[in-house]
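Examination of the molecular architecture
Given next are the chains, with one letter for each unit.
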Amino acid sequence: MNPVPALPFLPGFNFDSKIGKTKFHKSQIFDKIHNGVYYLAEKPHFSRHSRYLSFHDEGEKPTWLAFDGQRLMFKAYFQLNTRDNSSFSIRNCTISFFLEDGTMKVSEPITGNSGLEQGLIVRRQRIPIPDPVTFRYYDILDLNIGKQIKIYGRIYNIIDCDKFTRNFLNRNGIPVPQPIELSSDSYAEKKDIFQKKPNRIPDTRGNFLKYDKKVLRFYGYWDDRDNLYGEIHNLEIHYYLADDTIEVKEILPENSGRDVGPLFLKRSKIPKNFEKIDPIGSGDTFTILNVLGDNGAKSYYMADSLNTGTYLQDYFKDHDLTIGSVIDVFGRKVVITDLDSFTKDYYRMKYGIDNFTPLKGPLEKCDYDNKIEKFIPPYNGYGSYEDSLGNCFSVTPKAPNVDFTKFYYHDKQGFDSQILRFQAKMISKIPENAERCFIIRIFLMDNTIAIFELSKRNSGFMSCLFQKRMRVMLPGQEIFSNEPPNYYKPNDFYIGANLTLNGFLFQLTFADSYTLRYMEQHSDEFPKANSRLIMDKLRELLKPIYKEFKKDLIATLNEDGTLILEFEHFRKTLLRYLGENITEHEIITIARHYSSREKREFNSRDYIRALVHTEINRFLWTELDRLEEDILHLDRTRTGYLSRNELYRILRGCRIPLNVELLNTMLDVFDDNKQGTINYCDLLKFLNVKINPMTPVAPVNIKTALWWTSEKEIECGAKIEFPAFIEDLNLDEKENPMSDDKYNDLSAN
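As the structure is a prediction and not an experimental result, all values here were calculated from the model. (Residues numbered from 1 in each chain as written. Predicted model: local features only at pLDDT ≥ 70, side-chain atom pairs only at ≥ 80, totals over all residues. Heavy atoms only, no water.)

**Remarks on the overall build of the protein chain**
Looking only at helices and strands, one finds 22 helices and 26 strands in the protein chain. As presented, the protein chain carries roughly 49,200 Å² of accessible surface, and 52% of it is formed by carbon and sulfur atoms. (Helix = DSSP H or I, 4+ residues; strand = E, 2+ residues; numbered from the N terminus. Areas by Shrake-Rupley, 256 points an atom, 1.4 Å probe, with all protein chains shown as cover.)

So, in structure tokens, the structure goes:
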């Protein structure tokens, strides 16, 4: 209640009461209005600032701190009369009472597609009690199950509360009755009985989600031979489970001469009793009785709620389609003879049918499906065989198909080149050709072959490409034939093989380490590099002559007692006893498998450093200081080590005048540690031509000298472990396979 002013409210008789005031905050004082109930009052009547006499009040804490975040929740409802006042609707709501300040909030849960304005009804505030009570607000004593409260003219009936509210009121001495059942909603009952707009369209979304993209397929025929020029039509029937529609396709034989499409019947529902085509609009589920009003904009439509004159049509379902059944497809009798595996599983699971014996049609497949073989003319010699074959199938030929899967798995990846390299010599009666040296490369991605010639000095031949990259046909084939030719494959190449490539006879004499390692890793594709198959072969061939063979091998053992065979003695012994029954590649595979792992250094460190200094001085390269700066920039922690790839990238970036082969050979000289890194300080001293300069050497063909000619012997290990080879051969009858005197003497030493 506002105080009575001391002066009249007239101009000149009032003044600002805030003059001289320094604090403008609103005091929050909790006072006791009557026994057991505490309210937020404007003026204090008692000294104690406690609001609720319960165990929730912790000492002298204010209520806004003691009851922060706590509220009482009540379930209630209110009645809302309809427009004609003949019935009422019940609206559920939730009443929240906040203990910290005594405010209340009323909200209604939102129901989707209800057409009502729902949500927050009364925002959070202190709600006064209506007349005749004045100057008082709703509190916990006024809110309980079974009570009716009036909030701004609307009556709310409280019927339930949550567990926290019930415990809070009980511990404050306020009994809480049991929940009350909600009264019936007369408006909702009428609405369910008399729908304003009934749903006349069946809901098929459930079947769509369950059976989408699931189609039953049947095979059948339609016999039309009774009509003039009629014949038997072989059909394929598709039944869509999502909406029970049927589609019929006709299986047309090749070169049938028909210019119509293969679709016999578009996707639709097929009636069981077909008499005539239904008029337009007969299938619509919504029927209009009449139209009220002359003006189209102000017309009213009245729907036929009783479905007067509606003709119920029965359509074919999945249970009507079985083997042997005859369906009437708009006047055409279609007989079902067979179905696919998915349809069989469907009928087996749903209907328990196990008998799916197909029926025979009036015509066998051979009677109408006569395929005519196309005659392919012989190869004319222009382009490849596949290119010429494309001209025989279309006027505008297409490029031959490429095996992209093989290309993906055998394309170059980093240092893995996927290229097999063999050194070969030409076999010819001409003495000059017999001394020529070649490199044959086989590209695994498409089995193409390229030949490069390595010329010798003053030989009269130059180093150049001898044969471009292409597929090479096997010899002894008819070139101008309509049969596809056979080409060389990677497993046809091995050391010691004699191959005829485009009329030239080559003998493979050597292979690089990558080729040998690749063939051994894929020994299932290369039998000449399969050590297990080779040992089985040696076991069969050496069984009758095993004693003499073993004595010859023991005679060539080292005298120092290491039980190691020299590769050359091992090779000559195998060739002497087996002759043409074993190839050079098989001998190398066995030698690599039982190698003692003693690597022979063909190019010394000093020789490689002399080659590097010769190239640096020849090209006047003076960027050693810049190289050191780049290396230190990359090694921020100054560990003194970098990986081989990082050093290779820096050397190439500084444009050091070294060939790629020489650069890789130089990096091979440096020993890496356990982490696989190289000491770059040693590298800088190696490149410095002022510290311990090397004597210049004669220029060499670096590309070939460091690749082929530097490997004077096969990289299979300098020596072979004799005990492991004899043990795996397993041809001795005694427990000790090596019982010869010389072997016993060596083992004793």
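Read on for the rest.
**Digging into the environment of Thr589**
For Thr589, the location among the structural elements is in helix α14 (residues 584–593). Between the C-alpha atoms of Thr589 and Glu520, which are 69 residues apart in sequence, the distance is 7.8 Å. Leaving out residues up to four positions away in the same chain, Thr589 has contacts with Glu520, Lys528, Ala529, Asn530, Ser531 and Ile534. (Contact = heavy atoms within 4.5 Å.)

**Here we look at the side chain of Asp320**
By the secondary structure assignment, Asp320 is in the loop between β14 (300–303) and β15 (326–329). Looking at Asp320, its side chain comes within polar contact range of the side chain of Lys272, at 3.0 Å. Not counting residues up to four positions away in its chain, the partners in contact with Asp320 are Lys272, Tyr315 and Ser325. (Polar contact = N/O pair within 3.5 Å; in protein donor to acceptor, adjacent residues only side chain to side chain.)

**A look at the pattern of salt bridges**
Counted under the stated rule, the structure contains 29 salt bridges. Glu586 is paired through a salt bridge with Lys537; the nearest N and O atoms lie 3.2 Å apart. Pair noted here: Glu586 is in helix α14 and Lys537 is in helix α11 (residues 531–542), with a separation of 49 residues, a long-range link. One continuous salt-bridge network, built from bridges that share partners, spans Glu100, Asp101 and Arg124. (Salt bridge = Lys/Arg side-chain N within 4 Å of Asp/Glu carboxyl O.)

**Observations regarding the packing of helix α12 (residues 546–555) against helix α13 (residues 567–578)**
At a closest axis distance of 10 Å, the pairing of α12 and α13 adopts a crossing angle of 160 degrees. On the basis of the axis angle, α12 is roughly antiparallel to α13. Between α12 and α13 lies a crossing of right-handed hand. Between α12 and α13, the residues in contact are Glu548, Phe549, Asp552 and Leu553 and Phe570, Thr573, Leu574, Arg576 and Tyr577, respectively. Here the contact of α12 with α13 is composed, by residue class, of 5 nonpolar, 1 polar and 3 charged. (Axes fitted to C-alpha atoms, helices over the stretch in contact; angles between N-to-C directions. Parallel < 35°, antiparallel > 145°, perpendicular 65-115°, else oblique. Left-handed = near helix turned anticlockwise from the far one by under 90°. Nonpolar A, V, L, I, M, F, W, Y, C, P; charged D, E, K, R; others polar.)

**As for helix α16 (residues 624–634)**
Three or more residues of α16 are buried, namely Leu624, Leu627 and Ile631. The buried residues of α16 occupy an angular sector of 55 degrees when the element is viewed end-on, so they sit on one face. Pointing more than 90 degrees away from the buried face of α16 are the exposed residues Asp625, Glu629 and His633. Contacts made by the buried residues of α16 are with β24 (641–643), α17 (644–653) and α19 (680–687). (Buried < 20%, exposed > 50% of the residue type's maximum accessible area, 1.4 Å probe, protein only. Arc of directions from axis to C-beta.)

**Digging into the sheet that holds strand β22 (residues 504–511)**
As summarised here, the arrangement of the 6 strands in space is β20-β19-β18-β17-β22-β21, forming an open sheet in which the pairing is antiparallel. Pairing within the sheet leaves two strands with one partner each, and these edge strands are β20 (464–470) and β21 (498–501). On average, adjacent strands in this sheet sit at an angle of 30 degrees to one another, irrespective of strand direction. Relative to β22, strand β17 (residues 419–426) runs antiparallel, the two being bridged by 5 bridges. Its bridge partner being in β22, Phe422 is matched across the sheet by Ala511. (Pairing = 2+ DSSP bridges.)

**Thoughts on the packing of aromatic side chains**
Remark: the centre distance and the inter-plane angle together describe each pair of aromatic rings, the angle taken between the planes. Enumeration over the complete set of coordinates arrives at 23 aromatic pairs. Each member of the aromatic cluster is reached from another via a ring pair, and the members are Phe218, Tyr346, Tyr347 and Tyr351. It is Arg126 that lies over the ring of Tyr137; its NZ or CZ is 4.2 Å from the centre. Residue placement shows Arg609 over the ring face of Phe686; its charged tip is 5.9 Å from the ring centre. (Phe/Tyr/Trp six-rings, centres within 6.5 Å; stacked < 30°, edge-to-face > 60°. Lys NZ or Arg CZ within 6 Å of the ring centre and 35° of its normal.)

In short, shape yes, function no, at least from these values alone.
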